[in-house]
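The chain contents come next:
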Amino acid sequence: DAGVIQSPRHEVTEMGQEVTLRCKPISGHNSLFWYRQTMMRGLELLIYFNNNVPIDDSGMPEDRFSAKMPNASFSTLKIQPSEPRDSAVYFCASSSTGYPYEQYFGPGTRLTVT
Amino acid sequence: QKEVEQDPGPLSVPEGAIVSLNCTYSNSAFQYFMWYRQYSRKGPELLMYTYSSGNKEDGRFTAQVDKSSKYISLFIRDSQPSDSATYLCAMDQAQKLVFGQGTRLTINP
C-alpha cells in the first residue's frame with residue numbers, strides 16, 4: 001500500500017489567498033483525521049471523519065477553515081482567506097475503526113503564508 | 001492545564017545509553033497509551049501502544065503505564081543514532097488521539 005498521500009508537500013502563498021490541501025487515505029480505512037503541527041502548540045487535531053461524515057470539528061480554529069470528504073478516497077482542507085499565523089505543517093491520517101485506533105500519518109504539507 | 005504534558009527537551013545522550021521519555025496526563029478515562037516516533041520532516045509513525053497499566057516490550061523499546069500516577073514512560077535500551085527523532089506520547093479519547101508536545105531526542109555517536 002502507498003500509505004496516506006498528501007499534496008502538495010510544500011505550499012507558499014500570500015496572505016489573503018485561498019489554500020487547498022489534499023489527502024488520499026489508505027484504502028479500506030474509514031476514518032480520516034486532519035492535524036496541524038507547530039513548534040508552539042504541537043500536534044493538534046482539527047477535524048475527523050468517519051465513513052466520510054464529519055464527526056468532530058471542534059479543533060477547527062476559525063470559520064476560515066473548512067474540510068470536506070466527498071468520498072472514501074479523498075479529502076480536502078481549505079483555508080480562505082489564509083493568514084501568516086496559519087503557517088504550519090498539516091498532516092492527514094487515516095485509521096480503521098476499532099481499538100487501538102492506530103492512525104497512519106501522511107508526510108504532511110508544509111504551509112507558509114507570507 | 002493540558003490534558004497531556006510532555007517535556008519537549010531537547011534531550012541529547014551518547015550512543016548506547018538508556019533513554020527515558022515520560023508523559024503525564026490528567027484524564028483518567030484514557031485507556032490506550034501510545035508512543036509515536038517522528039523523524040525530521042516526516043509524519044509520526046506508531047512505535048508501540050499499551051492498554052491500561054503495565055509494561056510492554058518490543059526489542060530495545062519498553063513502554064510502561066502507571067494509571068494510578070497518570071504517568072507513562074518509554075525506555076530505549078542501547079540507543080542508536082538512528083533513534084534520533086521526536087517522540088510523542090498519545091492517548092485515546094473516543095477514537096481521537098490527544099498528543100503530548102513531543103520530546104526531541106538526539107543520540108550522539
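Shown above is the structure to which this text applies.
Note that the structure is a prediction, hence the values are computed from the model and not measured.

(A) How the structure looks around the nonpolar core. One finds Val 4, Trp 35, Ile 72, Leu 74, Tyr 87 and Met 91 of chain B to be the most contacted residues of the largest nonpolar core, which totals 25 residues. Taken together, the elements giving at least two residues each to this core come down to strand E3 (19-25), strand E4 (32-38), strand E5 (45-51), strand E7 (61-66), strand E8 (71-76), strand E9 (85-93) and strand E11 (103-108) of chain B. If you look at the next biggest cluster of nonpolar residues, it comprises 21 residues, including Trp 34, Leu 46, Leu 77 and Cys 92 of chain A.

(B) Broad picture of the state of the cysteines. All names here are of chain A. Evaluated as defined, the whole model comprises two disulfides over all chains. Here Cys 23 pairs with Cys 92 through a disulfide, and the sulfurs are 1.9 Å apart. The S-S bond linking Cys 23 to Cys 92 shows a torsion near -65°; that makes this disulfide left-handed. Of the two residues, Cys 23 sits in strand E3 (residues 19-24) while Cys 92 sits in strand E9 (residues 88-95), which places them 69 residues apart along the sequence. Like Cys 92, Cys 23 is buried.

(C) Spotlight on the side chain of Arg 64 of chain A. Residues and elements named next belong to chain A. Residue placement: Arg 64 occurs in the loop between strand E6 (53-56) and strand E7 (65-71). Looking at Arg 64, its side chain comes within polar contact range of the side chain of Glu 62, at 2.8 Å. Among the polar contacts listed, one links the side chain of Arg 64 to the backbone oxygen of Pro 81, at a separation of 2.7 Å. Not counting residues up to four positions away in its chain, the partners in contact with Arg 64 are Lys 78, Ile 79, Gln 80, Pro 81, Ser 82, Glu 83, Arg 85 and Asp 86.

Rules behind the numbers
- Residues numbered from 1 in each chain as written.
- Chains lettered and ligands numbered in written order.
- Predicted model: local features only at pLDDT ≥ 70, side-chain atom pairs only at ≥ 80, totals over all residues.
- Heavy atoms only, no water.
- Core = buried A, V, L, I, M, F, W, Y, C linked by side-chain atoms within 4.5 Å.
- Buried < 20%, exposed > 50% of the residue type's maximum accessible area, 1.4 Å probe, protein only.
- Helix = DSSP H or I, 4+ residues; strand = E, 2+ residues; numbered from the N terminus.
- Disulfide = S-S within 2.5 Å.
- Polar contact = N/O pair within 3.5 Å; in protein donor to acceptor, adjacent residues only side chain to side chain.
- Contact = heavy atoms within 4.5 Å.

So far we have only geometry, and geometry alone does not tell us how the molecule works.
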